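# Observations on chain architecture
Now for the letters of each chain:
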Amino acid sequence: MTTPRPVRIVPSTLSADFSRLGAECAALEAAGADRLQWDVMDGVFVPNLTFGPDVIAACRSHTSLPFEAHLMVQTPEALAGRYVEAGCGLLIVHAEACVHLHRTLGQIRALGAAAGVALNPSTPAAAVAEVLDLTDMVLVMTVNPGFGGQKYIATMEPKIAEVRRMIDQSGRDIDLEVDGGIGPATVAGAAAAGADVFVAGSAVFGRPEGPAAAVAELRRLAAAARGVELCP
Ligand code: DX5
């Protein structure tokens, strides 16, 4: 049994106030977030349109937190360089958007960024079996991508467990992230299945007590479900 990895909480800016993104990034850092996720959507791969690289670049100086770009786009290999230049240290591409996933992951690493692979709900864990040597994170989507505030798809938990088993068997340093409908009622199920990185948008921004309380509660619930000690 491998030592459980630390829990990471990664707010999605998709639920932020778009008129104040720089200040929202600073507030999420103050709230104790580990990284920030930018949900990049091109209106083709998913039916929504969001952040171009210049928007992310404008926010880079407002926080010291690492940025990850979740590229929900039809042509990730064509756009990857722009998002690295904008300040994203981790690029997540969808297996479903990459005819040459092995080559695209190598291209992202050659740009100096870490490489993640996202799996839509209908895509099996086997889609990453041949590229774990080029992967720094596997993202198991727990909603169909395109919008925040959707319902968590609990039937993804066996897939999370399968990806966990594949990562552990590989012996490689690979994070397992989940994204979509993650909140106080669902985070423990995803954590117990094997996730160690948790993306949350509406559960962080929609919390009356503020983002710090939301981040702290998600971290506490996930750590308890994974049997991970929290630093005092
Ligand atoms: C879907 C997006 C959302 C977002 C999180 O394409 O990727 O999952 O990050 O949204 P919530 O936490 O509101 O489900």
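Here is what the cut-offs are and how they apply
- Residues numbered from 1 in each chain as written.
- Predicted model: local features only at pLDDT ≥ 70, side-chain atom pairs only at ≥ 80, totals over all residues.
- Heavy atoms only, no water.
- Buried < 20%, exposed > 50% of the residue type's maximum accessible area, 1.4 Å probe, protein only.
- Helix = DSSP H or I, 4+ residues; strand = E, 2+ residues; numbered from the N terminus.
- Arc of directions from axis to C-beta.
- Near = heavy atom within 4 Å.
- Areas by Shrake-Rupley, 256 points an atom, 1.4 Å probe, with all protein chains shown as cover.
- Nonpolar A, V, L, I, M, F, W, Y, C, P; charged D, E, K, R; others polar.
- Salt bridge = Lys/Arg side-chain N within 4 Å of Asp/Glu carboxyl O.
- Pairing = 2+ DSSP bridges.
- Axes fitted to C-alpha atoms, helices over the stretch in contact; angles between N-to-C directions.
- Contact = heavy atoms within 4.5 Å.
- Right-handed = clockwise from strand over helix to strand, strands pointing away.

### Some points on helix α3 (residues 76-85)
For α3, the set of buried residues is Pro76, Ala80 and Tyr83. All buried residues of α3 lie within an arc of 80° about the axis, which places them on one face of the element. Among the exposed residues of α3, those pointing more than 90 degrees away from its buried face are Ala78 and Glu85.

### Things to note about the site of the ligand
Taken together, 19 residues are adjacent to the ligand, and Asp39, Gly146, Asp179, Gly201 and Ser202 come closest. Burial of the ligand by the surrounding chains reaches 100%, relative to a free accessible area of 360 Å². Counting residues per element, the ones that place at least two in the shell around the ligand are β2 (36-41), β3 (67-72) and β8 (197-200). The leading source of residues in the shell around the ligand is β2, at three residues. Of the residues contributing to the shell around the ligand, the split by class is seven nonpolar, ten polar and two charged.

### Looking at the pattern of salt bridges
Following the criterion strictly, the structure yields 17 salt bridges and no others. A salt bridge links Arg5 to Asp175, with the shortest nitrogen-to-oxygen separation between them at 2.6 Å. On the criterion of sequence distance, the pair formed by Arg5 in the segment before β1 (8-11) and Asp175 in strand β7 (residues 175-179) is long-range, its members being 170 residues apart. The salt bridge partner of Arg165 is Glu162, with a shortest N-O separation of 2.7 Å. Of this pair, Arg165 and Glu162 are both found in helix α5 (residues 157-170), three residues apart, which corresponds to roughly one turn of the helix. Assessed through its relative accessible area of 40%, Arg165 is described here as partly exposed. Where salt bridges share partners, they join Arg5, Arg8, Arg164, Asp168, Asp173, Asp175 and Asp196 into one cluster.

### Here's the deal with the sheet that holds β7
Taken in spatial order, the eight strands of this open sheet run β1-β8-β7-β6-β5-β4-β3-β2, and their pairing is parallel. One side of each edge strand has no neighbouring strand; the edge strands of this open sheet are β1 and β2. Strand-to-strand, the axes of this sheet are offset by a mean angle of 25°, without reference to chain direction. Against the sheet, helix α4 (residues 101-110) touches β4 (88-94) and β5 (114-119), its axis set at about 145° to β5. Relative to β1, helix α8 (residues 211-226) is tilted by about 145°, and along the sheet it contacts β1 and β8.

### Examining the pairing of strand β6 (residues 137-141)
The buried count for β6 comes to five of five residues, which makes it a mostly enclosed element. Of the two faces of β6, both are covered, the one formed by Met137, Leu139 and Met141 as well as the one formed by Val138 and Val140. Pairing geometry for β5 and β6, over four bridges, is parallel. Within the sheet, the bridge partner assigned to Gly116 lies in β6 and is Met137. For β6 and β7, the ladder comprises five bridges, and the chain directions are parallel. Each residue of the ladder has a partner; that of Met141, found in β7, is Asp179. For the handedness criterion, the β-α-β arrangement of β6, α5 and β7 is classed as right-handed.

### Quick notes on the environment of Leu105
Tracing the chain through its elements places Leu105 in helix α4. Take Leu105: its relative accessible area is 0%, and that puts it in the buried class. Sequence separation between Leu105 and Ala216 is 111 residues; the distance between their C-alpha atoms is 33 Å. Among residues more than four places away in sequence, those in contact with Leu105 are Val93, Ala115, Gly116, Val117, Val131, Leu134 and Thr135.

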